[in-house]
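In case you want the letters, here they are:
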Amino acid sequence: MKEQIIEILQDLTGSDEVATNLDINLFGAGLIDSMATVQLLLELQTQCGVDVPVSEFERSEWETPNKIIAKVESLKA
Amino acid sequence: MINMQPYQNPTYFLLIALTLLPVVIANLCEKKIYWYQTLISFGFLLLSFGGIKWHQGIALIVYVVLEIILIKLYFNYRLRSNNSWIFYLTVFIAIIPLIIVKITPAIYGGQVSIIGFLGISYITFKIVGMIMEIRDGAIKEFKLWQTIQFLLFFPTISSGPIDRYRRFIGDYNKQLSREKYLDLLEKGVWYIFLGFLYKFFIAYFFGTLLMPQVAQNALAHGGLSWWLVAYMYIWSMDLFFDFAGYSLFAVGTSYIMGIATPMNFNKPFAAPNIKEFWNRWHMTLSFWFRDYIYMRLVFFIMKKKLIKSRITIANLGYLTLFLIMGFWHGVTWYYIVYGLFHACAIIICDAWLRFKKKHRQQIPSNRFTKLFAIFLTFNTVCFSFLIFSGFLNTMMFHHIMK
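Note that the structure is predicted; figures quoted are calculated from it, not measured.

Next up on the list: the overall build of chain B. The secondary structure content of chain B amounts to 15 helices and zero strands. The C-alpha radius of gyration computed for chain B amounts to 23 Å, which stays within 12% of the reference 21 Å derived for 402 residues, consistent with globular compactness. Taken over the C-alpha atoms alone, chain B extends approximately 60 × 55 × 50 Å along its principal axes. For chain B, with 402 residues in total, the buried portion stands at 51%. Considering only residue pairs separated by 6 or more positions, chain B has 74% of its internal contacts joining residues 24 or more positions apart. When the accessible area of chain B is evaluated, it comes to approximately 20,400 Å², of which 71% is carbon and sulfur surface. A gap of 9 Å separates the mean positions of the 37 positive and 15 negative side-chain charges of chain B.

Here it is, written out as structure tokens:
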């Protein structure tokens, strides 16, 4: 699951930093914007089978790779 | 009966200080006095929507009753079923009053609609947000009393900041510890005093002392002049300090009541590009547009695979967002051009960011380029505010009349 999410993030951001620094603030560093967020949600839906409606997406809860992984794992459980 | 507009004069602030004192004491004892909060909220609403503005008060009551019925009907429907067209229809019905209020002046030469009232836009934003979250299943319970409290929360009723239902209700029901409340109280008082500085000193200086004379000179000169350039900056400063000042009052008052209403501004003129500017300027409005229009539209297009190119989708999203924002400000050419201007600016900004990402090595990045980026963004924004101000429209008419 973890590798899968990191791979999605690498694809989205075009950066390897998301694999090396799992606590990087994706929004703060300008790696992800609203457009990429939507892509992320769609990828999570198709690849990981977690359904996150846009209104459940609170930026502060999804701002780092680690937070995204934790969030997806909690939604999966 | 007397009428008092929110945060306009010393008496209003004195009233806030006096009536909120019991709320402060109760919170310091880690208690909430809901009945009293409701009582003073009602009092302040009566003060703003009563007296000579009684017709606005009636419009507000009718509006809120009808909208709450609509929300409740949709909520009940959503428990059983989830048809997209019913959802679109509900959102459309919810915004009909706002559409009428916005279109009326354009049709009847500036005449104000009788169903309008101060803050109708901001309540409508809250309602539409609720409907969308009900659709998403994010709002799982409909509570009439809390919905009324959320919609009619008096500190933010006239011009925002636009809060979100679930966030507000969380604060409303939560009893803060004394330490946490003290922290909020301290910030709230600080914001109100900062608001005094912004609105009654700085905005007064730009808007009341400087602006009239500069405007007159710019009109007398006509066309492009240094007076027009000066007007552009002065108007922009006035807009920021007036609105940021008001927002500080609204947020400060909320804080004192134990509600952490989100901030509206975060050093917008220090933004290094237009995209970042919209993360800092009138934030609750731009985030509302981002979350409820842009992201939803992009999500819809991508999910249905209507358009392939991500860039095209993003750009279409920007155009939709800013055109709607333009129309929302009012149906005049300059508000709509303002919207288009920002859509183009952010599309160009995105293209530049993509280019920069690809050529990271070749493009210099140092203190000078960063300052230049802020300078360029600031001037682009001020120019957009000149369009927004309608002054160009005034100048044109002035020219024709001569």
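Now, onward.
On the side of chain B, 20 residues touch chain A, which itself brings 16 residues to the contact. Approximately 1,700 Å² of surface area, both sides summed, lies buried where chain A meets chain B, with 61% of it carried by carbon and sulfur atoms. When the buried area of chain A at its contact with chain B is split by residue, M35, V54 and S55 of chain A rank highest and sum to 34% of it. On inspection of chain A and its partner chain B, the count reaches two salt bridges.

Positive charge collects at one region of the surface, where K356, K357, R360 and K370 of chain B lie side by side. For K370 of chain B, the position within the fold is in helix α14 (residues 367-389).

All names here are of chain A. Position of M1 relative to the elements: it lies in the segment before α1 (2-13). Between the C-alpha atoms of M1 and E73, which are 72 residues apart in sequence, the distance is 8.0 Å. Residue contacts for M1: discarding those within four places in its chain leaves C48, V72, E73 and K76.

Let us look at unusual backbone geometry. Residue and element names in this part refer to chain B. Of note, the amide linkage connecting G160 to P161 takes the cis form, showing an omega dihedral of -5°. Mapped onto the fold, P161 is located in the loop between α6 (144-151) and α7 (165-173). In this structure, E30 is a non-glycine residue whose phi angle is positive, near 60°. Counting through the fold element by element, E30 comes out in the loop between α1 (10-28) and α2 (34-49). Residue classification places E30 among the partly exposed positions, given a relative accessible area of 39%. Located in the positive-phi region is H282, a residue other than glycine, with phi close to 40°. Within the secondary structure, H282 sits in the loop between α10 (274-277) and α11 (283-303).

What follows covers the nonpolar core. By size, the foremost hydrophobic cluster in this structure holds 155 residues, and its most contacted members are L44 of chain A together with I123, I131, W278, W281, F385 and F391 of chain B. Examining the composition of this core, we find that 18 residues originate from one element, helix α9 (residues 226-256) of chain B, more than from any other. Apart from the residues lying within four places of it in its own chain, the contact partners of F385 of chain B are W235, S236, L239, F269, F277, W281 and Y338 of chain B.

Per the stated rule, a full pass over the model turns up zero disulfides over all chains. The cysteine C349 of chain B is free of any disulfide, with C344 of chain B supplying the nearest cysteine sulfur at 13 Å.

On to the side chain of D238 of chain B. Structurally, D238 of chain B can be placed in helix α9. Within the buried core, D238 of chain B has no salt-bridge partner, and the shortest N-O distance to an opposite charge, that of K199 of chain B, equals 7.9 Å.

With that settled, the discussion passes to the environment of P6 of chain B. All names here are of chain B. Relative to the elements of secondary structure, P6 occurs in the segment before α1. Along the backbone, P6 and P155 are 149 residues apart, and their C-alpha atoms lie at a distance of 8.0 Å. Once residues lying within four places of it in the same chain are set aside, the contact partners of P6 are Y12, S48, L118 and S158.

Residue and element names in this part refer to chain B. Here chain B is partitioned into domain 1 (10-175), domain 2 (176-262) and domain 3 (266-402). Distance from the C-alpha centre of domain 1 to the C-alpha centre of domain 3: 28 Å. Taken together, the contact pairs 16 residues of domain 1 with 13 residues of domain 3. In total, domain 1 and domain 3 occlude about 1,300 Å² of area from one another, counting both sides; carbon and sulfur atoms represent 59% of this. Seen at the junction of domain 1 and domain 3, the total is two salt bridges. Salt-bridge contacts for R296 lead to D136; the nearest nitrogen and oxygen are separated by 2.8 Å.

Another point: the packing of α1 of chain B against α2 of chain B. Residues and elements named next belong to chain B. Across the interface, α1 lies against α2 with an axial gap of 10 Å and an inter-helix angle of 165°. When the axis of α1 is compared with that of α2, the two are roughly antiparallel. The way α1 lies across α2 gives a crossing that is right-handed. In this structure, α1 contributes Y12, L15, I16, T19, L20, P22 and V23 to the contact, and α2 contributes Y36, Q37, I40, F44 and L47.

Parameters and conventions
Residues numbered from 1 in each chain as written. Chains lettered and ligands numbered in written order. Predicted model: local features only at pLDDT ≥ 70, side-chain atom pairs only at ≥ 80, totals over all residues. Heavy atoms only, no water. Helix = DSSP H or I, 4+ residues; strand = E, 2+ residues; numbered from the N terminus. Rg over C-alpha atoms; globule rule 2.2 N^0.38 Å. Buried < 20%, exposed > 50% of the residue type's maximum accessible area, 1.4 Å probe, protein only. Contact = heavy atoms within 4.5 Å. Areas by Shrake-Rupley, 256 points an atom, 1.4 Å probe, with all protein chains shown as cover. Lys, Arg positive; Asp, Glu negative; His and termini not counted. Charge placed at Lys NZ, Arg CZ, Asp CG, Glu CD. Buried area = accessible area lost by both parts, 1.4 Å probe. Salt bridge = Lys/Arg side-chain N within 4 Å of Asp/Glu carboxyl O. Patch = residues over 30% accessible without salt bridge, like charges linked within 9 Å, V, L, I, M, F, W, Y side chains within 5 Å. Core = buried A, V, L, I, M, F, W, Y, C linked by side-chain atoms within 4.5 Å. Disulfide = S-S within 2.5 Å. Domains from an automatic or database assignment. Axes fitted to C-alpha atoms, helices over the stretch in contact; angles between N-to-C directions. Parallel < 35°, antiparallel > 145°, perpendicular 65-115°, else oblique. Left-handed = near helix turned anticlockwise from the far one by under 90°.

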